[in-house]
Amino acid sequence: QVQLVESGGGLVQPGGSLRLSCAASGFTFSSYAMRWYRQAPGKERELVARINSSGLSTNYADSVKGRFTISRDNAKNTLYLQMNSLKPEETAMYYCNAPYGPNGRAYWGQGTQVTVSS
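Read on for an overview of the structure. Residue positions are counted from 1 within each chain, in the order its sequence is given. Local features in this predicted model are restricted to residues whose pLDDT is 70 or higher, and side-chain atom pairs enter the listing and the counts only when it is 80 or higher, whereas totals over whole chains, interfaces and linings include all residues. Excluded from the side-chain calculation are hydrogens and water; included are all heavy atoms of the structure.

Labels follow the DSSP assignment, with helices taken as runs of H or I lasting at least four residues and strands as runs of E lasting at least two, numbered in each case from the N terminus. A tally of helices and strands in the protein yields zero helices and eleven strands. When the helices and strands of the protein are listed from N to C terminus, the series reads β-β-β-β-β-β-β-β-β-β-β. Atoms counted for the radius of gyration: C-alpha only. Globule rule: 2.2 Å times residue count to the power 0.38. Relative to its length of 118 residues, the protein is compact, with a C-alpha radius of gyration of 13 Å against a globular reference of 13 Å. The dimensions of the protein, computed from C-alpha atoms along their principal axes, are 40 × 25 × 20 Å. Classification of residues uses two cut-offs on accessible area relative to the type maximum, computed with a 1.4 Å probe and protein chains only: under 20% is buried, over 50% is exposed, and between them is partly exposed. Expressed as a percentage of its 118 residues, the buried residues of the protein come to 42%. In this analysis, two residues are considered to be in contact whenever any of their non-hydrogen atoms come within 4.5 Å of each other. Long-range pairs, those at least 24 residues apart, make up 52% of the contacts in the protein between residues at least 6 apart in sequence. Split by element, the accessible area of the protein, about 6,100 Å² in all, is 44% carbon and sulfur. Of the charged side chains in the protein, 12 are positive and 7 negative, and the gap between their average positions amounts to 4 Å. With residues, only the protein chains shown are counted as cover, and all accessible areas are computed by Shrake-Rupley using a 1.4 Å probe. Asp and Glu count as negative and Lys and Arg as positive, but His and the ends of the chain are not part of the count. Here the site of a charge means NZ on Lys, CZ on Arg, CG on Asp, or CD on Glu.

Given below as C-alpha cells:
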C-alpha cells in the first residue's frame with residue numbers, strides 16, 4: 001500500500017541543477033515528516049535534508065546548505081529536492097524516506113541515480 005517513487009535523476013555537469021521528485025501513495029502524506037538520503041558506491045547512506053509534515057520546517061546537511069532546497073506539495077502528495085551548483089562528489093543514489101511512517105515504521109523509495117560529471 002505505502003509507496004514512495006523517486007524520479008528526476010540523471011546526468012548533469014558540475015555546477016548544474018536538478019530537481020528530484022518523490023511521489024507518495026497509500027498513506028496520508030500530509031501527516032508525515034519526510035527526508036532525502038543519498039548513498040554513493042562504497043559509502044554509507046547520508047541524510048541530506050528533512051522536512052516536517054506541513055513543510056514549514058526544514059533541515060539540511062552542512063554540505064548542501066545554501067544549494068539544496070527540500071519542499072513538498074501536500075495537495076499533490078509529492079516531495080521535492082531542488083539541487084543547485086552540483087558537485088561531482090554528490091554523485092549518488094538519492095532516496096526518499098518517511099522516517100516515522102504509517103505503523104511507526106520507516107518507508108523508502110527505490111532511489112533515483114544522480115550523476116554529476118563533465
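Summarising the element assignment, S117 is placed in the segment after β11 (112–116). Spatially, the C-alpha atoms of S117 and G16 are 9.7 Å apart, while their sequence positions differ by 101 residues. Every residue in contact with S117, bar those within four places of it in the chain, is listed here: L11, V12, Q13 and P14.

Note on pairing: DSSP must find at least two bridges between two strands before they are called paired. Spatially, the four strands line up as an open sheet ordered β1-β3-β8-β7, and their pairing is antiparallel. Each end of this open sheet is capped by a strand with a single partner; those strands are β1 (3–7) and β7 (68–73). When the angles between neighbouring strand axes are averaged without regard to direction, this sheet yields 15 degrees. Inspection of the sheet shows strand β3 (residues 18–25) paired to strand β8 (residues 78–83) by six bridges, in the antiparallel sense. Across the sheet, residue C22 finds its bridge partner in β8, namely L79. Angles shown run from 0 to 180 degrees and are taken between the N-to-C directions of axes, each axis being a line fitted to C-alpha atoms and, for helices, limited to the stretch in contact.

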